[in-house]
Amino acid sequence: MKHPSTVAVLGPGGTGGLLAALLSRSGHHVICLAQEATVGVLRRTGITVRSPQFGDFTAAVDADTALRVPVDACLVTVKHTALDAALTRVPPAVLGDAPIVPLLNGVEHPAALRARYRPDRVAPAVIRVESTRVAPGVIEHGSPFTEIDLAGNDVPRDRLEALAAVLRHAGTTVRVAGDETAALWAKMAFLAPFALLTTRYGVPLGTARTRHRAELEALVAETAAVGRACGAPADPDQALARYDAFPPAARSSMQRDAEAGRPLELDAIGGALLRAAERHGVPVPVARRLVRELRAAGY
């Protein structure tokens, strides 16, 4: 992938807005795909980022309600709850053979993308970042890191490496993962316990990992067992160490959505975990109870 590149970002929210601004600041042409009201704001004001890692800056971006021109890659950064509707903004004929890179929570979305676009151009990725859209075109990036694992079992390696170079050029830390399943489940193994516990009890991670320690350990063990059954290596002790190293005030994106009254990715995270457990005959009693209680609460 040449420099500068043209990159579409579907969903310029907390994650997508940050990546769009970083890519634009580093000299790439960025087209944000969003609803009409957001498109108008981005065309007028660009994207403003407040970040301890990257500083405070504003970057100009193009914006449209649908992809109308060829691009070198398309990043999909919407919530799983909005994925089906959002994909109508990216016609397969316009995308062509450009890689499409979903940076979504969960493990089931790659199949939906491969049913719509060229399977050998779907490059699932995971991102580790804490970033929030506080208003259209205004992003608060709180974590001191922005790390991406880029995968895609059927995508030519040179395409992945070229895209990784573009993302590194923008300032992110990128690793090209060798195994898509392992990359997706590595994030799931951390995210599912974090999201389910903090959302169920309405507490930050520091409280969850102390007051609800037994449940956290059980969730980590259950998720690791499901991941191993799906073919992904898992290290429960390493996962627990990561929780203990996180800032105590950290909250999951699912918890923030619940507090704001937004739709939750409960099915994409908790539901997907339960479905994988069912397929492989892995008992997950704590995860099952927490998902049931969250659903009973109206989520």
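Refer to the preceding data block for the structure.
Here the structure is a predicted model, which is why all the values come from computation and not from measurement.

Each value, and the rule that gives it
- Residues numbered from 1 in each chain as written.
- Predicted model: local features only at pLDDT ≥ 70, side-chain atom pairs only at ≥ 80, totals over all residues.
- Heavy atoms only, no water.
- Salt bridge = Lys/Arg side-chain N within 4 Å of Asp/Glu carboxyl O.
- Helix = DSSP H or I, 4+ residues; strand = E, 2+ residues; numbered from the N terminus.
- Buried < 20%, exposed > 50% of the residue type's maximum accessible area, 1.4 Å probe, protein only.
- Right-handed = clockwise from strand over helix to strand, strands pointing away.
- Pairing = 2+ DSSP bridges.

(A) Representation of the pattern of salt bridges. The final tally for this structure, using the stated rule, is 23 salt bridges. One salt bridge in this structure joins E215 and R289, with 2.5 Å as the shortest N-O distance. You can see E215 sitting in helix α9 (residues 213-229) and its partner R289 sitting in helix α13 (residues 285-296), a full 74 residues away along the chain. Of the charged contacts, one joins D267 and R295 as a salt bridge, the two residues approaching to 3.5 Å between their closest N and O atoms. One end of the pair, D267, is in helix α12 (residues 266-280); the other, R295, is in helix α13, with 28 residues separating them in the sequence. The class for D267 is partly exposed, based on a relative accessible area of 40%. With relative accessibility at 42%, the residue R295 sits in the partly exposed group. Through salt bridges with shared partners, a single ionic network connects E108, D267, R275 and R295.

(B) The arrangement of the pairing of strand β1 (residues 6-10) in detail. Counted residue by residue, β1 has 5 buried out of 5 residues, so it is predominantly covered. The alternating pattern of β1 places T6, A8 and L10 and V7 and V9 on opposite faces, both of which are buried. Between β1 and its parallel partner strand β2 (residues 29-33), the chain crosses via helix α1 (residues 14-25), and the hand of that crossover is right-handed. Of the strand pairs in this sheet, β1 and strand β6 (residues 73-76) are connected by 4 bridges, and their pairing is parallel. Bridge pairing in β6 links V9 to L75.

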